[in-house]
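Residue strings, one per chain:
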Amino acid sequence: MPGPRRRGRRSCALIALAAPSASAWTGCWPARGRVEPRVASDARMVLAMRPSAPAALGSSGADVAEGEKVGVLLLNLGGPDTLDQVEPFLYNLFSDPEIITLPGAVRWLNGPLAWIIAKTRAPMSREGYKQVLDGGSPQLRTTLAQGAAIEAALSTRGVSAKSYIGMRYWHPYTDEALAAIKADGVQRLVVLPLYPQFSISTSGSSLRLLEHEYYQDQQLRLLKNVVIPAWYNRQGYVHSMARLIASRIDMLPEGERAGAHVFFSAHGLPQKYVQELGDPYQQQIEATVSFVMARLRVLGYSNPDTLAYQSKVGPVPWLQPYTDEKIKELAGGGVSSLVVVPISFVSEHIETLEEIDIEYRELAEEAGITHWERVPALGVEEDFIEDLASAVVEALPRMEQRPLQEIDEGRPVSLRVVNDLVSLRSKEEIGAEYGPVRVRNYRRGGFPPKAGGIK
């Protein structure tokens, strides 16, 4: 099995993306084996909220020529629109080498294994989706609304732009979005993953697929592009989250408000991807919680808080504490009121509407929690949308590759730079399991790359 290729200084360890620590990682992966990154004592990571730029009517400062066509590509996970689509959606999900990775000699089994898993899990998953599907995918509806709102916010900043949606595992797929971008003659493209925190299993997976499609097309290769890899530290995002939490605390009975426990539930990730692949997700999640709680203190709220991780799949250890276990622990310790915050989600979908609202709420009530308030996903909250529009405006002049320090600060960079960073050593070295891995080949023997036709 070949080892990972030696990377140059420009492509050092992925942990340099956005790890919120006082030091910068400067070590790189060697040709073979695992080596702990070296810490540069004279450098420091920037971990601070980025202020939101106010909208200036008629003047964007974005260096956009008159008549120049600007596109904003929103990347997200995607989800089925009907119960009949649940099984093919699951096939697409589990046939992604980012989700299940097999050693090279048996990699051809990815497709057949995904088919078996999809068949096995589909009946249970349909029961969950029955609770959340109301005329189509809630995530797609929200993403369309977010795109329209970003367009409107950009217009007030003097930027005429069109939004496009590229979902990872269901329609509209990334290649469908790119086809529309080409047809519209877009000249400058800002890629905006709708994941506040960067992970090689979410933004990384979507960006690697995007690069695969992007750089095979000569027309697209000529299109200037820039990626906003993470925006967990932007002021508009943090302030919007804090305001929504405060509003839910205020909905509790007066006697419960001061002692209500703010419970952040983030999507989980196998521990090995943080510990061995250098995924910055956990550190960015923890930083987000710190930012939001600091803002709540400014607003006059001094509630206790907890961070836990949900949606564990498979037998390997994931980031802990687990949401279900922590709910029971808090209830056993005398907590009676929870204000639950889906911290890593900006749109409603099965993991908020079914897993949190139904499964975890029932668990909490059984454990003795008497008051439960769930903070909604941000959706099209005005300050949040305005801040994303500001991020796009700030990105437009940055169509050249930028230093890695700017990625750590959440600054816009070239798509090529991001994908150089996320192309880490092969996950085969830590065994086959659920989670992210560098993509080498999207073709699967005997199975189509998209399963929209599977019944």
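Keep in mind that what you see is a predicted model, and the values were worked out from it rather than measured.

Procedures and definitions
- Residues numbered from 1 in each chain as written.
- Predicted model: local features only at pLDDT ≥ 70, side-chain atom pairs only at ≥ 80, totals over all residues.
- Heavy atoms only, no water.
- Helix = DSSP H or I, 4+ residues; strand = E, 2+ residues; numbered from the N terminus.
- Buried < 20%, exposed > 50% of the residue type's maximum accessible area, 1.4 Å probe, protein only.
- Contact = heavy atoms within 4.5 Å.
- Areas by Shrake-Rupley, 256 points an atom, 1.4 Å probe, with all protein chains shown as cover.
- Polar contact = N/O pair within 3.5 Å; in protein donor to acceptor, adjacent residues only side chain to side chain.
- Pairing = 2+ DSSP bridges.
- Axes fitted to C-alpha atoms, helices over the stretch in contact; angles between N-to-C directions.
- Core = buried A, V, L, I, M, F, W, Y, C linked by side-chain atoms within 4.5 Å.
- Phe/Tyr/Trp six-rings, centres within 6.5 Å; stacked < 30°, edge-to-face > 60°.

(A) How the structure looks around the overall build of the protein chain. Within the protein chain, the secondary structure is distributed over 15 helices and 10 strands. A burial count over the protein chain gives 56% of its 455 residues as buried. Taking contacts inside the protein chain between residues at least 6 apart in sequence as the whole, the part at least 24 apart equals 79%. On the protein chain, roughly 18,400 Å² of surface is accessible, and the fraction owed to carbon and sulfur atoms is 52%.

(B) Here's a closer look at the side chain of N225. Looking at the element boundaries, N225 is found in strand 6 (residues 224-227). The buried category is assigned to N225, whose relative accessible area is 7%. Here Y214 takes part through its side chain, which lies 3.4 Å from a polar atom of the side chain of N225.

(C) Summary view of the sheet that holds strand 7 (residues 261-267). Here four strands make up an open sheet; going across it, the order is 8-7-9-10 and the pairing parallel. Two strands lie at the open edges of the sheet, namely strand 8 (305-310) and strand 10 (371-374), each paired on one side alone. Each strand axis lies, on average, 25° off the axis of its neighbour in the sheet, ignoring direction. As defined by bridge partners, strand 7 adjoins strand 9 (residues 337-342) across five bridges and the pair is classed as parallel. For V262, the partnering residue across the bridge sits in strand 9 and is V339. Each of strand 7 and strand 8 touches helix 10 (residues 281-298); the most contacted strand, strand 8, lies at about 150° to it.

(D) Here's a closer look at the nonpolar core. Counting 78 residues, the largest nonpolar core has L73, L154, L192, Y237, I245 and F264 as its most contacted members. If we skip the residues at most four places from it in the chain, I245 touches V262, F264, V292, L296, V339, V341 and V375.

(E) Seen up close, the packing of aromatic side chains. Taken as a whole and assessed by the stated rule, the structure comprises six aromatic pairs. Aromatic side chains Y214 and Y215 sit 5.1 Å apart centroid to centroid with 55° between the ring planes, which places their arrangement in the tilted category. You'll find Y214 and Y215 in the same group, each marked buried. Centre to centre, the rings of W231 and F384 are 5.6 Å apart; their planes meet at 40°, and the pair counts as tilted. Remark: F384 occurs in helix 13 (residues 382-395) and W231 occurs in the loop between strand 6 and helix 7 (235-249); sequence separation between them is 153 residues. As far as burial versus exposure is concerned, W231 and F384 are alike and both buried. One aromatic cluster is present, built from ring pairs that chain together W231, Y237 and F384.

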